[in-house]
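Read off the chains here:
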Amino acid sequence: MSWSIHIPAVNTLKLALGHAAHEQALGHAELNGNKAIPIQGGQVSLTGTLKVPVELFNDRNDKDAYGIIGVPPKQLDGASVEPLFSPDGTACWLKYAAELSAEANGQGNFPFVELSGGGSLQVKVADYRHHAATQILEAALGSDAKSLRLPFVLGDVQALQPGDALSFQTRVALKAGVKVSWSAISTSLVGALAKRLAGQLVFELKAEVGASIGGTVSLQDEFRIVFSRPKDGPFRVSVRKATSDSAAAQISAGVSLGYSSPLLASILGAVDAKVQDALKIVDGLEQGSLTPALLQVAAALLKQLGFHKPVEATLASVTAAYEELKDFVESVVSGTLKAGFEYEYARSTEDATLLELEVPVEELAGAHGAFVSGDLASIQHRVNDAWLRRYFHMKSVESQRVWGLGLGWRDVNFASQEDRRKLKAVVQHASRDHRQGPRRYAFLGARSYTSSGVLYGKTSRWGLDFSAQMPRFSLTPSADEFEYSFFAQSQVEDGLSKELIQRAVDAATVWGAVRPEDAPALVDRLFRAAPAGTKTETRLDLRVDNPSFRRLLAKLGSEPAFERNAFARALARAMPRASQPVRTSLQRREELYTPLWDAYLKDGAKDWTLDRAKASVAWHLKNHAGPDGFVASHWEQSGGTGTFSDVLVQSSRYAGDIGSQPYGKVYVFWRDLLDKLIALNKAIHSEAVIAENDATSAVQQVFTSLDDLACDDFRVTAFVAWMDQLAIRWKLGSGIQRLLQVRVGAQEFVISHG
């Protein structure tokens, strides 16, 4: 198999490569003949086909369609091409590219040709040769033609000189091993168990902080694998997404749990806090032997979990129930892996670098075959962490974030209140025709804020992430082609105290993660988990999946009186917990403050001054709060921290009100968001076209309104409490997950009642 280079008669052959007179497209190259590449279990035959231009890159403005040569973006955020090399006046590159036909034969598995043991597809290859800008073009072409290379040949890759690169692009099934944090899995697992048990069991899962679960993810898409050598030393291997003319990405995930997994024992232990032998039960079931006493305990625990009913106290019956539990857990963990990668993967554009390794010279021979076949998992099992430069992550100016799982924060470092994130749309194309070709959108809409203060503990963070993404490509993207989901989170970090736990559990009742009747016992249990002052983090999550979000949109506006009153109750519940008896419990806050908020909403906040607010709440509490009313009314009239009037002031600070609504921002954000969500539902049903940069589109308008909402944690809490009530009223059920997660020292608890 040999390369041939065809350069038309031009008068620039005798000029130095760095001369400005050169055109970028110099001529074309062809790869002729056939070559068999051995792969374990068979081989792949390569046949040269189409002519592809020979290109010269000697200027920073030269564009490389493969993204390997170019100018680095000012902000590396995962949505921009990040070239490996850049012309700087002293270095230039010649690119020789060709398109090959690859055909598999034999019995082996050939991920990079998509089919196992047969079939063919096109593979684009390119050889990038580094040259000094002073070298004459004719000499450089003549020298390169004698030794042009293929990325599938180990010797060719080993021959790379500093500044050189070899790449190939095709549809690849990448297999990658992953480790998932306990936090990511436990929240999903508790939610799934809560759904299964239909709220019959308050589920509390705990494990040691730092525990993780291993799994495998397979991504089948158009990828570009690049072998390069930036300098004299290790080789660099990069895996990049590439523009594809084929179908959308396919993602699958799998996990296999052994008896050593912390999940299974934690689940059994969560059913009954008195059980001390959960690990012994799991160990015994894996080995096929249990004592009579443990057999009785295992049967009782599995029966409560609803697996294999009825569970008899026999080894066969208990083992069958245990295997059903194991299958269920593996399914949930695999589903979480898949959902998380789908969510994040949709937000990386073409040419985004998904994986980058630095491979020592002496190790390349052993890893090369796995790279060209897409088997990253086998490489992960044998390589040093020191090889890894990047793995499924996005970069920003402030921080670097390893790709997470499920709906979550965009960055590790939360923005301050003054540094609000802007909406960003990532566009993927299924052809090089970006104007008329198929495309799909994924909108980045996370907002997060950090605050410190006496009301929220030492450090408080809150935020939300509204996901709007297209699972498939479309010539005319429309609102009905998106999948929508919503995520809200509130987090507090401080030393362990009774007050911290009381506030966290109280907030969890507002979010719907804990039943009010369970709150007192839960407070005592969590407070006793570690000595006072132990570093503690509490976190609340609300997740709404696509089907439930669609059903919620379809119902909004159908019951205006109920929706308004439900929001009034949500505002009452979200009032800051205080030492005043009228504020200590969710039930008391809802009973006394709902009428006030309902009047405020009925009036559209018109003419609600601070004097009116203080007078209204003082009169109401004095007449309806019983023995607590007199003291509470005086406290409210003071306008101190946490009072009704103070909440109005704090929640109206951002994007201030106008006219007769000096403290109407709470009403304005709710009404505006309600209108935008109703408009989005109409856009979905009318199949309204969504343009890439149209700020007036129904999708982007929802993002704008949610951005306004997220400025203030009280408004976020009230909105979540409102959604919780709507979900109950409209029976959205398992599509909405509400979770309380508490880390106390080396322990972690996840609580949900479904």
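Residues numbered from 1 in each chain as written. Predicted model: local features only at pLDDT ≥ 70, side-chain atom pairs only at ≥ 80, totals over all residues. Heavy atoms only, no water.

## Some words on the overall build of the protein chain
- The helix and strand inventory of the protein chain stands at 20 helices and 24 strands.
- Out of the 754 residues belonging to the protein chain, those deemed buried represent 56%.
- Considering only contacts in the protein chain between residues 6 or more positions apart, those separated by 24 or more positions represent 72%. (Helix = DSSP H or I, 4+ residues; strand = E, 2+ residues; numbered from the N terminus. Buried < 20%, exposed > 50% of the residue type's maximum accessible area, 1.4 Å probe, protein only. Contact = heavy atoms within 4.5 Å.)

## Some details on the side chain of D541
- Among the secondary structure elements, D541 is positioned in strand 22 (residues 535–544).
- Within polar-contact distance, the side chain of D541 engages the side chain of Q489 at 3.2 Å.
- A polar atom in the side chain of D541 sits 3.3 Å from the side chain of R543. (Polar contact = N/O pair within 3.5 Å; in protein donor to acceptor, adjacent residues only side chain to side chain.)

## Points about unusual backbone geometry
- Within the chain, D607 stands out as a residue other than glycine whose phi angle is a positive 65°.
- Within the fold, D607 resides in the loop between helix 14 (586–602) and helix 15 (610–624).
- In this structure, K731 takes a positive phi of about 55° despite not being glycine.
- Locating K731 in the fold gives a position in the loop between helix 20 (713–729) and strand 23 (736–744).
- Overall, the relative accessible area of 68% leaves K731 in the exposed class.

## Digging into helix 16 (residues 629–638)
- Buried within helix 16 we find G629, A632, S633, W635 and E636. Taken end-on, helix 16 shows its buried residues confined to a sector of 160°, consistent with a single buried face.
- Where helix 16 is buried, its residues contact helix 14, helix 15 and helix 17 (644–650).
- At the exit of helix 16 stands G639, carrying a positive phi of roughly 70°. (Arc of directions from axis to C-beta.)

## Quick notes on the confidence of the model for the protein chain
- Mean pLDDT over the protein chain: 79, with 74% of residues reaching 70 or higher.
- Looking over the protein chain, one finds the lowest element-wise mean pLDDT in strand 16 (residues 400–402), namely 25, and the highest in helix 13 (residues 560–574), namely 97.
- Taken together, the stretch residues 452–457 has pLDDT below 50 and engages in eight contacts with residues farther than four places along the chain or on a different chain. (pLDDT = per-residue confidence, 0-100.)

## With respect to the side chain of D64
- Inspection of the secondary structure assignment puts D64 in the loop between strand 5 (52–57) and strand 6 (91–106).
- Within the structure, the side chain of D64 is placed 3.1 Å from the backbone nitrogen of I69, a separation counted as a polar contact.
- D64 has contacts with F57, I69, K95 and Y128, leaving out every residue within four places of it along the chain.

## Quick word on helix 5 (residues 278–287)
- Every buried residue of helix 5 is listed here: A278, I281, V282, G284 and L285. Down the axis, helix 5 shows its buried residues gathered within 165° of arc, on one side only. In helix 5, the exposed residues that point more than 90 degrees away from the buried face are L279, K280 and Q287.
- Of the residues trailing helix 5, G288 is marked for its positive phi of about 80°.

## Focus: the packing of aromatic side chains
- Under the counting rule described, the total for this entry stands at 22 aromatic pairs.
- Residues F227 and F371 carry aromatic rings whose centres are separated by 6.1 Å and whose planes lie at 85° to one another, so their mutual orientation is edge-to-face. With F227 in strand 10 (residues 212–228) and F371 in helix 8 (residues 364–373), the pair connects residues that are 144 residues apart, well separated along the chain. Across the pair, exposure class does not vary: F227 and F371 are buried alike.
- Geometrically, the ring pair formed by F466 and F549 is tilted, given 5.4 Å between the ring centres and 40° between the ring planes. Residue F466 is found in strand 20 (residues 457–469), and its partner F549 is found in helix 12 (residues 546–555); the two are separated by 83 residues along the sequence.
- The buried category is assigned to F549, whose relative accessible area is 4%.
- An aromatic cluster of at least three residues, connected via ring pairs, comprises F486, F567, Y667, F669, W670, F719 and W722.
- Over the face of the ring belonging to Y66 we find K95, whose NZ or CZ atom lies 3.7 Å from the ring centre.
- Above the face of the F235 ring, R229 is positioned so that its terminal group lies 4.4 Å from the ring centre. (Phe/Tyr/Trp six-rings, centres within 6.5 Å; stacked < 30°, edge-to-face > 60°. Lys NZ or Arg CZ within 6 Å of the ring centre and 35° of its normal.)

## So, the pattern of salt bridges
- Here the structure, examined in full by the defined rule, presents 29 salt bridges.
- With a shortest N-O distance of 3.3 Å, D127 and R129 are connected by a salt bridge. Of the two residues, D127 and R129, both sit in the buried class.
- Between R573 and E590 there is a salt bridge, with its nearest N and O atoms 2.9 Å apart. Taken together, the residues R573 in helix 13 and E590 in helix 14 connect sequence positions 17 residues apart. Here the two residues R573 and E590 agree in accessibility, since each one is buried. (Salt bridge = Lys/Arg side-chain N within 4 Å of Asp/Glu carboxyl O.)

## Points about the packing of helix 14 against helix 18 (residues 665–686)
- Direction vectors running N to C along helix 14 and helix 18 enclose 70°, while the axes themselves pass 10 Å from each other. By the angle between their axes, helix 14 is roughly perpendicular relative to helix 18. As helix 14 runs across helix 18, the sense of the crossing is right-handed. Facing W597, Y600 and L601 of helix 14, the residues of helix 18 in contact are K665, V666, Y667 and W670.
- Here the contact of helix 14 with helix 18 is built from residues that sort into six nonpolar, no polar and one charged. (Axes fitted to C-alpha atoms, helices over the stretch in contact; angles between N-to-C directions. Parallel < 35°, antiparallel > 145°, perpendicular 65-115°, else oblique. Left-handed = near helix turned anticlockwise from the far one by under 90°. Nonpolar A, V, L, I, M, F, W, Y, C, P; charged D, E, K, R; others polar.)

## Some points on the pairing of strand 22
- Taking burial as the measure, the 10 residues of strand 22 include nine buried ones, the bulk of the element.
- Judged from the 10 bridges that link them, strand 21 (residues 483–495) and strand 22 form a sheet pairing that is antiparallel. Across the sheet, residue A488 finds its bridge partner in strand 22, namely L542.
- By the bridge criterion, nine bridges tie strand 22 to strand 23 in an arrangement that is antiparallel. Among the inter-strand pairings, R543 is bridged to a residue of strand 23, identified as Q737. (Pairing = 2+ DSSP bridges.)

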